[in-house]
Amino acid sequence: MEKLTGGDALLLSLIEENVDTIFGYPGGTIIPVYDRMYYYANRIRHILARHEQGAVHAAQGYARVSGKTGVVVATSGPGATNLTTGLADAMIDSTPLVCIVGQVGAPFLGTDAFQETDFIGISMPVTKWSYQITDAAEVSQVIAKAFYIAGSGRPGPVVVDFTKNAQVGACDFRYQKCTFIRSYVPAPRVKTEEVAAAATAISGAKKPFALVGHGVELANAGKELVAFLEKADIPFGWTLLGKSVVPADHPLNMGMLGMHGSYAPNKKTNECDVLIAVGMRFDDRIISDLNAYARQAKVVHLEIDKAEVNKNVKADFPVLADLKESLPLLTQAVDEAKHTEWIGSFKPYADHELTKVITPQLHPGKGDITMGEAVDRVSKRAGGKAILVTDVGQQQMVAARYFEVKQPRSVVTSGGLGTMGFGLPAAIGAKVAAPDREVVLFVGDGGIQMTIQELGVIMQEDVGVKIVLLNNSFLGMVRQWQELFFGKRYVATPMVNPDFVKLAEAYNIRGRRVAERAALDAAVDEMFAHKGAYLLEVAVQPEGNVFPMVPAGASLEEIRFE
């Protein structure tokens, strides 16, 4: 043991947890920690965000791609509160984060001191755990506990509120990783009787259908899932966050589920006899009208979080356990099967969607460039190898539908919270996590302006993100709803935008704007040929819509194609 400050103890604890990157923004109450960073600069990289929201979204992107816990450091008061959106986003999308925020000295707590906020109270509803350190002696134990909670079981964000006196106070340092907390059970033990009951139901199914969610990726159970699906010959659809769990070209892959999902998997949800939910939570964007959702099917639900079982859809056969453990047992227990006729029955629906939606989107031939064809051209050039990052809105749904990924941990998007402004900083974090992979961000003209200051991070850190800005001069998704459900009353959705290429150039980022279809391929080639960051602005249909669409609250049978 050696005497150190609380700031030293924090940084050494992070090193013990194999942290190599911190995303942050300094301020008054966290200066002592930043001062000690000077002595650890060769062991931990600090990336200076331009706003704390940018820091937390970048940490999310880093965590989602790397599989590690993202780390954020910020100051108290507004610095801490600026993290709140990212915490809520990480909580609902199960992203592991440890956020360390400065706090006024313990003697000043409760006095309304400068930049004091009760961030423990603020953050508790949107974190797995929040704790305030008031003594330097607590640091190593609290950080160990924070990483264990953030990364175990169903992952999520943790906040450590670090008072200034604890940062400068002397302490002995000894680090021991946390592997157990009394009363905290990250993953239920698998029950063989639950697996057996689920296996019997699945083996007896004539029309089984699986719903694949983000939980499979969080459990690193993609291979186990494929083994199960292939043995039982089960077609599957995927949620937005489950897109990269199984390669896009797998023959059992029937496409995206939900509001803007593919026609076949949405229709077949209401035709299957056994519905197998794997690591997904039956979000309202998937089920829409609960009273008309899969009423004919027996439901098998494989899930790690007991709170998600029977929350929205009743599970006839729940299997509560870590998917890494439960899926191999289920695979062993199910009968080998062939469902050729059932799988073939998806094709007429897929063909209908191809005619009504996909072909007009990807090959319009005339008129303005569509979002779909822009995404498709970029996707073909990327060859299934790139990491897809999106902001929120129409470009998010179009990218999810038409951008092909073939590797795990290759999709980073804001699912449950739907946070505009997420995309740009998340793409930075994704590229930092995977510097040798291409990272492609699709973002709209509305979303990019919410965190556009993070272009400064790209400039300072030389982060080679490829930014595809689909510009329709509208807040596109809101405008689509206004068109379809509010009599085309376009209130507060038209946008007058800046010259985005000039803005990019101001940050030393090469850019190009394309408005003509004939120039699109060459522009995409130029973007990928360029070694550094690149902003490709594509002027797309001002009033283009994303179809198919299940209106909010409607049944899956009410899917619209126009």
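Every value quoted in this text rests on a predicted model; they were computed, and no experiment measured them.

Peer 1: How should the overall build of the protein chain be read in this particular structure?
Peer 2: Helix and strand content of the protein chain: 24 helices and 20 strands. For the protein chain, the C-alpha radius of gyration of 24 Å lies close to 24 Å, the compact-globule estimate for 562 residues. Within the protein chain, the proportion of its 562 residues that are buried is 60%. Considering only contacts within the protein chain whose residues lie at least 6 apart along the sequence, 77% involve residues at least 24 apart. Accessible surface computed for the protein chain: about 22100 Å², of which carbon and sulfur atoms make up 52%. Here the protein chain contributes 55 positive and 62 negative side-chain charges, whose respective centroids are spaced 3 Å apart.

Peer 1: Explain helix H19 (residues 423-433) to me, please; I cannot follow it from the model alone.
Peer 2: The periodicity of an α-helix, 3.6 residues per turn, causes residues three or four positions apart to be oriented the same way. Burial runs high along H19: ten of the eleven residues are buried. Considered for burial, the residues of H19 that qualify are Gly-423, Leu-424, Pro-425, Ala-426, Ala-427, Ile-428, Gly-429, Ala-430, Lys-431 and Val-432.

Peer 1: Just checking my understanding: could you explain the sheet that holds strand E17 (residues 439-444) for this structure?
Peer 2: Sheet strands pair via backbone hydrogen bonds, and the direction of the pair is either parallel or antiparallel. On the basis of which strands lie adjacent, the open sheet formed by six strands has the order E16-E15-E17-E18-E20-E19 and parallel pairing. Pairing within the sheet leaves two strands with one partner each, and these edge strands are strand E16 (411-412) and strand E19 (510-514). As judged from the four bridges shared by strand E15 (residues 387-390) and E17, these two strands associate in the parallel manner. When the bridges of E17 are listed, Thr-390 appears paired with Phe-442. In this fold helix H24 (residues 520-529) packs onto E17, strand E18 (466-471), E19 and strand E20 (534-539), with an angle of close to 165° to the strand it touches most, E20.

Peer 1: Even after reading the chapter, I still don't get the side chain of Thr-370, so can you show me in this structure?
Peer 2: Tracing the backbone through its elements, the reader meets Thr-370 in the loop between helix H16 (347-362) and helix H17 (371-382). A relative accessible area of 2% places Thr-370 in the buried class. If near-sequence neighbours (up to four positions away) are discounted, Thr-370 is found in contact with Pro-360, Gln-361, Pro-364, Arg-517, Val-540 and Gln-541.

Peer 1: Looking at this structure, how should I read the packing of helix H11 (residues 222-232) against helix H14 (residues 323-333)?
Peer 2: The description of two helices packed together rests on the angle between their axes and the distance between the axes. The contact between H11 and H14 brings their axes to 9 Å, and the two run at 20°. With respect to their mutual orientation, H11 and H14 come out roughly parallel. The interaxial crossing formed by H11 with H14 has left-handed handedness. Contacts between H11 and H14 involve Glu-224, Leu-225, Ala-227, Phe-228 and Lys-231 on the former and, on the latter, Lys-324, Leu-327, Pro-328, Leu-330, Thr-331 and Gln-332.

Peer 1: Would you mind going over the environment of His-301 with me for this structure?
Peer 2: By the element assignment, His-301 lies in strand E13 (residues 298-303). Separated by 16 residues in sequence, His-301 and Phe-317 place their C-alpha atoms 6.3 Å apart. The contact partners of His-301, leaving out residues within four places of it in the chain, are Ala-277, Met-280, Phe-282, Glu-308, Val-309, Ala-315, Phe-317, Pro-318 and Val-319.

Peer 1: Sorry if this is basic, but what is going on with the sheet that holds strand E12 (residues 274-278) here?
Peer 2: An order of E11-E10-E9-E12-E13-E14 is seen for the six strands of this open sheet, with the pairing classed as parallel. Both outer strands of the open sheet, strand E11 (253-256) and strand E14 (317-320), are each paired with one neighbouring strand and no more. Direction aside, neighbouring strands of the sheet carry axes that sit 15° apart on average. When strand E9 (residues 208-212) meets E12, the two strands line up parallel, connected through five bridges. What sits directly across from Val-212, in E12, is Val-278.

Peer 1: Is there a simple way to explain the state of the cysteines in this structure?
Peer 2: One way to say it: the disulfide is the covalent bond shared by the sulfur atoms of two cysteines. Counted according to the given criterion, the structure contains zero disulfides. With no disulfide partner, Cys-171 has as its closest neighbouring cysteine sulfur the one in Cys-178, 18 Å distant.

Peer 1: How should I be thinking about the packing of helix H1 (residues 6-16) against helix H7 (residues 139-151) in this particular structure?
Peer 2: Taken N-terminus to C-terminus, the directions of H1 and H7 make an angle of 35°; their axes are 9 Å apart at the nearest point. In this structure, H1 meets H7 at a crossing whose hand is right-handed. Touching Gly-6, Ala-9, Leu-10, Ser-13 and Leu-14 of H1 are Val-139, Ser-140, Ile-143 and Phe-147, all from H7. Each residue belonging to the contact of H1 with H7 can be placed in one class, and the counts come to six nonpolar, three polar and no charged.

Peer 1: Sorry if this is basic, but what is going on with the packing of aromatic side chains here?
Peer 2: One pair of aromatic rings is described through two measures. These are the centre distance and the angle between the planes. By the definition in use, this model includes 13 aromatic pairs. Seen from their ring centres, Trp-129 and Tyr-131 are 5.4 Å apart, and the 25° between their planes marks the pair as stacked. When its relative accessible area of 17% is taken as the criterion, Trp-129 is described as buried. The ring of Phe-346 carries the charged tip of Lys-268 above its face, separated from the ring centre by 5.6 Å.

Peer 1: Would you explain the environment of Arg-281 in this entry?
Peer 2: Tracing the backbone through its elements, the reader meets Arg-281 in the loop between E12 and helix H13 (284-287). The spatial distance from the C-alpha of Arg-281 to the C-alpha of Ala-434 is 28 Å, given a sequence separation of 153 residues. Apart from residues no more than four positions distant in its own chain, Arg-281 is found in contact with Ile-92, Arg-154, Glu-308, Asn-312 and Gly-416.

Peer 1: Looking at this structure, how should I read the pattern of salt bridges?
Peer 2: If charged atoms from side chains of opposite charge come close, those side chains can pair. One pass over the full model with this rule turns up 24 salt bridges. Note that Lys-311 and Glu-308 form a salt bridge whose closest N and O atoms lie 2.9 Å from each other. Glu-404 is the partner of Lys-406 in a salt bridge, and the nearest nitrogen-oxygen pair spans 3.7 Å.

Peer 1: Whenever I open this one, unusual backbone geometry confuses me. Can you help?
Peer 2: Negative phi is the rule for most residues except glycine; trans is the rule for most peptide bonds. The omega torsion of the bond from Phe-547 to Pro-548 falls at 0°, within 30 degrees of zero and hence cis. One non-glycine residue, Ser-94, lies in the positive phi region at around 55°. Backbone geometry places Asp-112, a non-glycine residue, at a positive phi of 60°. Structurally, the position occupied by Asp-112 is in the loop between strand E5 (97-103) and helix H6 (119-123).

Peer 1: Would you take a moment to explain the pairing of E17 for this structure?
Peer 2: The side chains of a regular strand alternate between both faces of the sheet. Among the six residues that make up E17, six are buried, leaving the element largely enclosed by the rest of the structure. By the alternation rule, side chains of E17 split into Val-439, Leu-441 and Val-443 and Val-440, Phe-442 and Gly-444, which are all buried. As paired elements, E17 and E18 share five bridges and run parallel to each other. The partner of Gly-444 across the bridge, within E18, is Leu-470.

Peer 1: Can you walk me through helix H5 (residues 84-92) in this structure?
Peer 2: Considered for burial, the residues of H5 that qualify are Gly-86, Leu-87, Ala-88, Asp-89 and Ala-90. On the buried face of H5, the contacting elements are helix H3 (52-66), E5, H6 and strand E7 (157-163). Immediately downstream of H5, the backbone of Ser-94 shows phi near 55°, a positive value.

Peer 1: I would appreciate a short explanation of the environment of Gly-222 in the present structure.
Peer 2: If you trace the backbone, Gly-222 turns up in helix H11. For the pair Gly-222 and Val-246, spaced 24 residues apart in sequence, the C-alpha to C-alpha distance is 6.5 Å. Setting aside its immediate chain neighbours within four residues, Gly-222 contacts Val-216 and Val-245.

Rules used in this analysis
Residues numbered from 1 in each chain as written. Predicted model: local features only at pLDDT ≥ 70, side-chain atom pairs only at ≥ 80, totals over all residues. Heavy atoms only, no water. Helix = DSSP H or I, 4+ residues; strand = E, 2+ residues; numbered from the N terminus. Rg over C-alpha atoms; globule rule 2.2 N^0.38 Å. Buried < 20%, exposed > 50% of the residue type's maximum accessible area, 1.4 Å probe, protein only. Contact = heavy atoms within 4.5 Å. Areas by Shrake-Rupley, 256 points an atom, 1.4 Å probe, with all protein chains shown as cover. Lys, Arg positive; Asp, Glu negative; His and termini not counted. Charge placed at Lys NZ, Arg CZ, Asp CG, Glu CD. Pairing = 2+ DSSP bridges. Axes fitted to C-alpha atoms, helices over the stretch in contact; angles between N-to-C directions. Parallel < 35°, antiparallel > 145°, perpendicular 65-115°, else oblique. Left-handed = near helix turned anticlockwise from the far one by under 90°. Disulfide = S-S within 2.5 Å. Nonpolar A, V, L, I, M, F, W, Y, C, P; charged D, E, K, R; others polar. Phe/Tyr/Trp six-rings, centres within 6.5 Å; stacked < 30°, edge-to-face > 60°. Lys NZ or Arg CZ within 6 Å of the ring centre and 35° of its normal. Salt bridge = Lys/Arg side-chain N within 4 Å of Asp/Glu carboxyl O.

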